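# Summary of structural features
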Amino acid sequence: MPNQPSSSTPVSRTGVAVLGLGPMGRALAGALLAAGHPVTVWNRTAGRDAELLAQGARAAGSPAGAVAAADAGLVLLCVRDQAAARAVLDAAGQALRGRTVVNATSITPEDARANAADAGARGFRLLDAAILTPTPTIGRPQGTVLLSGDAEAFAAHEPTLRALGTVRHVGTDPGRAAAFDAALLDLFWTTVHGWVHALALARAEGISGGELAPYAQGLPQLLPPLIEDFARRADERRHPGDRSSVASAAAGLAHVARTARARGLDTTVLDAALAVTQRAVEAGHGADGVSALVELFAR
């Protein structure tokens, strides 16, 4: 039987640079430190690294300095947007050559592809990362990070990246993680909008949020089977209307919109949803299942 290391045997951990110390950047750096990795941090605005420094992180005066200190050749980038990400990568300059950047900035799939092409031209590898869960989950199994791009780069750094939570490589197309992110955020924010609009409608009719909430809690329980069913229908491009139809959805949306308008509420989003649904009915899809709307959106 091979020798097993004792609990006192030191475990080698690789050094990582973290560029950008907003709430998520700090969570990423904290998870890496908790896993025993040496971490060098940089942030454009001073003062956000105090807690990380107390945990053992080292501060760098520039992006290039932080990158140079990452002996594993792994750099995590987490900033506000694409423009900020490109500015930091440009500031890091030649220090990035031969290294791997994991860009956890929220960007479009096309931005991710452009960034990967630029990285190749400049001599470093880039993985795009979509973080699907909030900061308290980072460093725990509940934390979910999707990565796409260079498969060899992912394989080389997966042991380190596992410190962040559950990590999955979803394809070599650099834009694929960002596409997952955008689609899931589409679902999340339209759901959140629906809930806050429902609260406004309820208030207008003299119903408190506390009164409405217990009944609203039952709706999410309907979603798992619906999500699976609609996903299958979308993939098969088959949308039977045996349970609910586009026409019935149009009638339901029209009812809600009329009720909201009667109380002077903003119905912009409801009106947009109703317009799309009515367009599907006019195109001859009234008897199809509601999932048929994906074909209208996809045109």
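Residues numbered from 1 in each chain as written. Predicted model: local features only at pLDDT ≥ 70, side-chain atom pairs only at ≥ 80, totals over all residues. Heavy atoms only, no water.

## Concerning the overall build of the protein chain
The condition is simple: The secondary structure listing takes helices from DSSP runs of H or I that are at least 4 residues long and strands from runs of E that are at least 2 residues long, numbered from the N terminus. For each residue, the accessible area found with a 1.4 Å probe, counting protein chains only, is set against the maximum for its type, and the residue is called buried under 20%, exposed over 50%, and partly exposed in between. Residue contacts are defined here by distance: any two heavy atoms, one from each residue, within 4.5 Å place the two residues in contact. His is not counted here, nor are the chain ends, while Lys and Arg score as positive and Asp and Glu score as negative. All charge positions are set by atom: Lys at NZ, Arg at CZ, Asp at CG, Glu at CD.
A count of helical and extended segments in the protein chain gives 12 helices and eight strands. Projected onto its principal axes, the C-alpha positions of the protein chain cover 65 × 50 × 40 Å. The proportion of buried residues among the 299 residues of the protein chain is 38%. Considering only contacts within the protein chain whose residues lie at least 6 apart along the sequence, 62% involve residues at least 24 apart. Between the mean site of the 27 positive side-chain charges and the mean site of the 27 negative ones, the protein chain shows a separation of 3 Å.

## With respect to the pairing of strand β4 (residues 74-77)
What counts here: Should DSSP find at least two bridges between two strands, the strands are taken to pair. Orient the strands so they point away from the viewer, and a crossover whose first-strand-to-second-strand path over the helix runs clockwise is right-handed.
Neither face of β4 is left uncovered, since the one carrying Leu 74 and Leu 76 and the one carrying Val 75 and Leu 77 both have all their residues buried. Here four bridges tie strand β1 (residues 16-19) to β4, and the two strands are oriented parallel to one another. Note that in β4 the partner of Ala 17 across the bridge is Val 75. Bridge count between β4 and strand β5 (residues 100-103): four bridges; the pairing is parallel. When the bridges of β5 are listed, Leu 77 appears paired with Asn 103. In this region the chain leaves β4, passes through helix α4 (residues 82-92) and returns to the parallel neighbour β5; the handedness of that crossover is right-handed.

## Quick word on the confidence of the model for the protein chain
Heads up, the condition is: Confidence scores per residue from the predictor, reported as pLDDT, run from 0 to 100.
Averaged over the protein chain, the pLDDT score is 94; the fraction of residues at 70 or greater is 95%. The model gives residues 1-11 a pLDDT under 50, and that stretch makes zero contacts with residues more than four places away or in other chains.

## So, the sheet that holds β1
Formally: Axis lines are fitted to C-alpha atoms, over the contacting stretch for helices. Their N-to-C directions set the angle, which ranges from 0 to 180 degrees.
Taken in spatial order, the eight strands line up as β3-β2-β1-β4-β5-β6-β7-β8 in an open sheet, and their pairing is mixed. Two strands in the sheet have a free side with no partner beyond their single neighbour: β3 (58-59) and β8 (166-169). Summarising the sheet, strand β6 (residues 125-131) and strand β7 (residues 144-149) pair through five bridges and their orientation is antiparallel. Its bridge partner being in β7, Asp 128 is matched across the sheet by Ser 148. Contacts from α4 reach β1, β2 (39-42), β4 and β5 within the one sheet, and its direction differs from that of β4 by about 150°. Strands β1, β4, β5, β6, β7 and β8 of the sheet are contacted by helix α6 (residues 151-161), whose axis makes an angle of about 175° with β8.

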